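# Commentary on secondary and tertiary structure
Spelled out from the first residue to the last, the chains are:
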Amino acid sequence: MFQTVRNPRSFSVLFFLVMLIVFLIFPAPASGLTEVEVNPVNTPQGAVVLIVDGLSAPFIYPELTPHALDDTPLEKAELENIPEIGKESARILEFRAPQTFTEGGHSVLVTGNPGADSELVSFKDATVFDILHREGYLCIAVMERGDSWSIRAEQDVILRDENNSINKMNIVLEQPEPSSDSSEVPEGLLQVMEEAADKAPGYVSSKETREKYSGYDRWGVETACNIVKYMARNKPEQKYLLTINVGAVDSSGHHRDNYGYVDCIECLDNDVSPLYELCKKNDLAFVLTADHGMGFSKDDSKGGHQSEKFTDTDEAQLVPLIVHAQNVESGILRGKHGQEDFAPTLLGVLDIPDRPRFAEGKQILLTDHVNLKVELPEKGSVELRKNENGKDGNVKEGNVKDGSIVASLQHDDEFLFLGLEPESTYTVSATLDSGNSLEGQEKELTLETDSVLEFTEKGQKIEESSEENSESISGSGKNSTAGFSKKESGKSNSSLTHLMGYLVIGLVNLVGIVIIAKVLKKS
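Thresholds, definitions, all that
- Residues numbered from 1 in each chain as written.
- Predicted model: local features only at pLDDT ≥ 70, side-chain atom pairs only at ≥ 80, totals over all residues.
- Heavy atoms only, no water.
- Helix = DSSP H or I, 4+ residues; strand = E, 2+ residues; numbered from the N terminus.
- Expected span 1.5 Å × (residues − 1).
- Bend = angle between axes of the 7 residues up to and from the residue.
- Disulfide = S-S within 2.5 Å.
- Buried < 20%, exposed > 50% of the residue type's maximum accessible area, 1.4 Å probe, protein only.
- Contact = heavy atoms within 4.5 Å.
- Salt bridge = Lys/Arg side-chain N within 4 Å of Asp/Glu carboxyl O.
- Core = buried A, V, L, I, M, F, W, Y, C linked by side-chain atoms within 4.5 Å.
- 1 Å grid on protein atoms, 1.4 Å probe; cavity = no way out; pocket = protein on both sides within 12 Å on 5 of 7 lines; lining within 4 Å.
- Points joined across faces, edges and corners; volume = space filled by probe spheres on them.
- Nonpolar A, V, L, I, M, F, W, Y, C, P; charged D, E, K, R; others polar.
- Pairing = 2+ DSSP bridges.
- Axes fitted to C-alpha atoms, helices over the stretch in contact; angles between N-to-C directions.
- Phe/Tyr/Trp six-rings, centres within 6.5 Å; stacked < 30°, edge-to-face > 60°.
- Lys NZ or Arg CZ within 6 Å of the ring centre and 35° of its normal.
- pLDDT = per-residue confidence, 0-100.

## A few points about helix α10 (residues 257-281)
Helix length check: α10 (25 residues) gives 37 Å between terminal C-alpha atoms against 36 Å at 1.5 Å per residue, within 8%. The sharpest bend along α10 measures roughly 35 degrees and falls at D271, with the proline P274 sitting one to four residues further on. Of the residues one or two after α10, D283 is the one with positive phi, at around 55 degrees.

## Description of the state of the cysteines
Under the counting rule described, the total for this entry stands at zero disulfides. The cysteine C279 is free of any disulfide, with C225 supplying the nearest cysteine sulfur at 8.0 Å. A relative accessible area of 1% means that C279 is categorised as buried.

## Section: helix α7 (residues 187-203)
Along an α-helix, residues three or four positions apart point the same way, because every turn accommodates 3.6 residues. Spanning 17 residues, α7 covers 25 Å between terminal C-alpha atoms, matching the ideal 24 Å at 1.5 Å per step. The largest bend in α7 comes to about 30 degrees, at A197, with the proline P201 one to four residues further on. Packed against the buried residues of α7 are β4 (138-143), β5 (157-161), β6 (171-174) and α8 (209-234).

## Observations concerning the pattern of salt bridges
Considering all chains together, one arrives at 20 salt bridges under this definition. Between D250 and R145 there is a salt bridge, and its shortest N-O distance comes to 3.7 Å. Taken together, the residues span a long stretch of sequence, with D250 in helix α9 (residues 248-255) and R145 in the loop between β4 and α6 (149-153) at a distance of 105 residues. On the basis of relative accessible area, R145 is assigned to the buried category, the value being 11%. Two residues, E383 and R385, come together in a salt bridge whose shortest N-O distance is 3.0 Å. According to the relative accessible area criterion, E383 is partly exposed, its value standing at 22%.

## Topic: the nonpolar core
Counting 103 residues, the largest nonpolar core has I140, L189, L242, I244, I265 and L275 as its most contacted members. Ignoring any residue separated from it by four or fewer positions in sequence, one finds I244 in contact with V48, V49, L50, I51, V142, G220, A224 and L275. Grouped together as the second largest cluster of nonpolar side chains are 20 residues, L409, A430, L432 and F455 included.

## Digging into empty space enclosed by the protein
On inspection of all chains with the given rule, the structure shows two cavities of 30 Å³ or more. Of the voids in this model, the largest cavity is the one considered here, and its volume is about 70 Å³. Along the walls of the largest cavity sit V49, I51, L109, V110, V128, F129, L241, T243, F342 and L346, which together make up its complete lining. Of all the secondary-structure elements, those providing two or more residues to the lining of the largest cavity are β2 (46-52), α3 (102-111), α5 (128-134), β7 (240-246) and α13 (342-349). Of the residues belonging to the lining of the largest cavity, the class tally is nine nonpolar, one polar and no charged.

## Digging into the sheet that holds β4
Within the open sheet, the nine strands sit side by side as β6-β5-β4-β7-β2-β8-β11-β3-β12. Their pairing is mixed. Bordering the open sheet on either side are β6 and β12 (331-338), each of which pairs with just one other strand. Ignoring which end each strand starts from, the neighbouring axes of this sheet average 15 degrees apart. The pairing of strand β3 (residues 90-96) with strand β11 (residues 321-324) spans three bridges and is classified as antiparallel. Paired with R91 across the strands is I322, a residue of β11. Against the sheet, α13 engages β2, β3, β7, β8 (284-289), β11 and β12, with an angle of about 160 degrees to β8.

## Focus: the packing of aromatic side chains
By the definition in use, this model includes five aromatic pairs. In textbook terms, an aromatic cluster arises when at least three aromatic residues are bridged by ring pairs, as seen for F59, Y261 and F296. Over the ring of Y213 we find R256, and its NZ or CZ is 5.0 Å from the ring centre.

## Considerations on the pairing of β11
Of the two faces of β11, the one holding L321 and V323 and the one holding I322 and H324 are both buried throughout. Where β8 and β11 come together, four bridges link them in antiparallel fashion. Looking at β11, one finds that V287 is bridged to V323.

## Remarks on the confidence of the model for the protein chain
Should pLDDT be low for a region, the predicted coordinates there are not to be read in detail. The pLDDT averaged across the protein chain works out to 85; a share of 79% of its residues lies at or above 70. Taken as a whole, residues 390-402 scores under 50 in pLDDT and shows 18 contacts with residues more than four places along the chain or in a different chain. Contacts from residues 461-501, a stretch scored under 50 in pLDDT, to residues over four places away or in other chains number 72 contacts.

Here it is as structure tokens:
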């Protein structure tokens with residue numbers, strides 16, 4: 001009887017090599033985000049954004065009066081539901097679109113960049129969808145218009161009218177290629193959306209013009225209602241953004257004159273209330289806005305918004321922005337605001353300080369609090385202190401280090417402070433667990449809106465921000481990074497380091513496999 005005797009040394013070497021490779025293949029878990037509520041916040045479970053294609057604010061806001069190009073006052077829409085929603089919401093009085101056509105309007109809304117187009121939307125981290133995906137949100141869309149290729153690619157699932165036509169309505173369901181940050185789309189949600197697609201032709205089957213146009217919008221709103229009901233019933237823990245575009249108001253302006261345009265707005269007013277009530281019931285932010293408005297040459301004429309004679313008019317540029325959420329203070333907000341402010345404002349309502357990569361808009365602060373995200377180049381500790389303010393609102397000299405400690409957090413590289421007081425001055429101190437030095441270990445800032453503060457390691461190359469290099473944060477900078485460094489500057493170096501690391505790991509693994517094979521052969 002023969003017995004195989006293994007070389008103990010060979011076995012030890014083999015075991016060591018296997019454990020080494022396992023360690024390299026499965027590195028330590030990546031650091032996450034440490035979050036603290038300084039004061040209680042009531043973050044919505046998600047958001048429903050209703051984009052009414054071509055809806056002009058002067059036709060629905062009581063403070064504004066629409067005029068034709070010949071300066072004739074035009075008839076306004078007589079509404080019941082939208083004004084009531086406005087009373088319970090924040091309503092921005094002057095919200096101006098820099099681009100008065102559908103693709104441009106949607107691109108500006110989702111990127112926060114006034115010159116955005118479909119190509120810009122396609123860039124990495126360029127949209128609210130990119131930001132929300134990183135936060136675990138599901139992105140769902142129901143779009144009759146505005147469904148450019150890049151907008152579609154940002155969704156986890158989308159229903160769209162591939163013909164963009166009321167007379168030839170053809171709704172298709174698409175699931176773009178998921179990204180690494182994408183959440184899984186529930187099978188039940190797909191079924192709900194497939195059923196909505198099948199029912200769509202019935203909404204526009206009437207031979208009566210009024211019913212056909214209003215049915216087109218009604219399909220979009222009722223489909224959104226069914227999606228909200230499904231998510232509330234089956235996936236209550238899943239946060240999501242539902243984007244809806246309804247296109248009949250725009251079509252009415254182009255083909256039915258100003259009276260048909262107003263009539264279509266009034267029909268939509270009758271349909272929008274159930275969606276709003278569902279959002280309230282399920283703790284979702286409800287947002288009503290438009291991609292552009294609509295102008296008319298004279299009374300009883302067909303309208304436009306993109307041609308040279310219309311594009312500079314208030315009727316084409318001014319669009320509504322109505323925002324309701326439990327954490328949003330109701331009331332009319334005056335002052336001049338642009339469509340590029342939408343992306344940072346929506347993220348602010350959802351208590352997410354990050355901004356799309358190319359955003360130039362400013363957050364319209366709709367809550368009673370602001371939030372601060374602090375980023376370190378590696379794991380470390382952060383201390384937040386609130387400074388004492390004098391009667392004149394200025395920080396007392398020598399009081400920075402004596403301010404009360406708001407929170408002290410440790411052992412992470414990202415920290416989120418929720419529920420801070422707007423217009424208050426804070427000092428942020430940071431140290432790294434490794435003992436490496438930071439470019440500045442203490443920063444003083446005054447928070448007017450949500451902000452992101454990035455500390456960089458001493459000696460690391462820093463790209464100068466295009467904003468003023470100030471020690472005060474207003475949150476209005478392009479990346480809300482306090483001017484200390486642009487958010488992308490440190491990330492590209494980190495990405496290169498990771499790439500080199502992966503190459504080294506792959507090489508070591510390959511060498512290890514060869515050695516193991518030789519050891520096994522000798523054994």
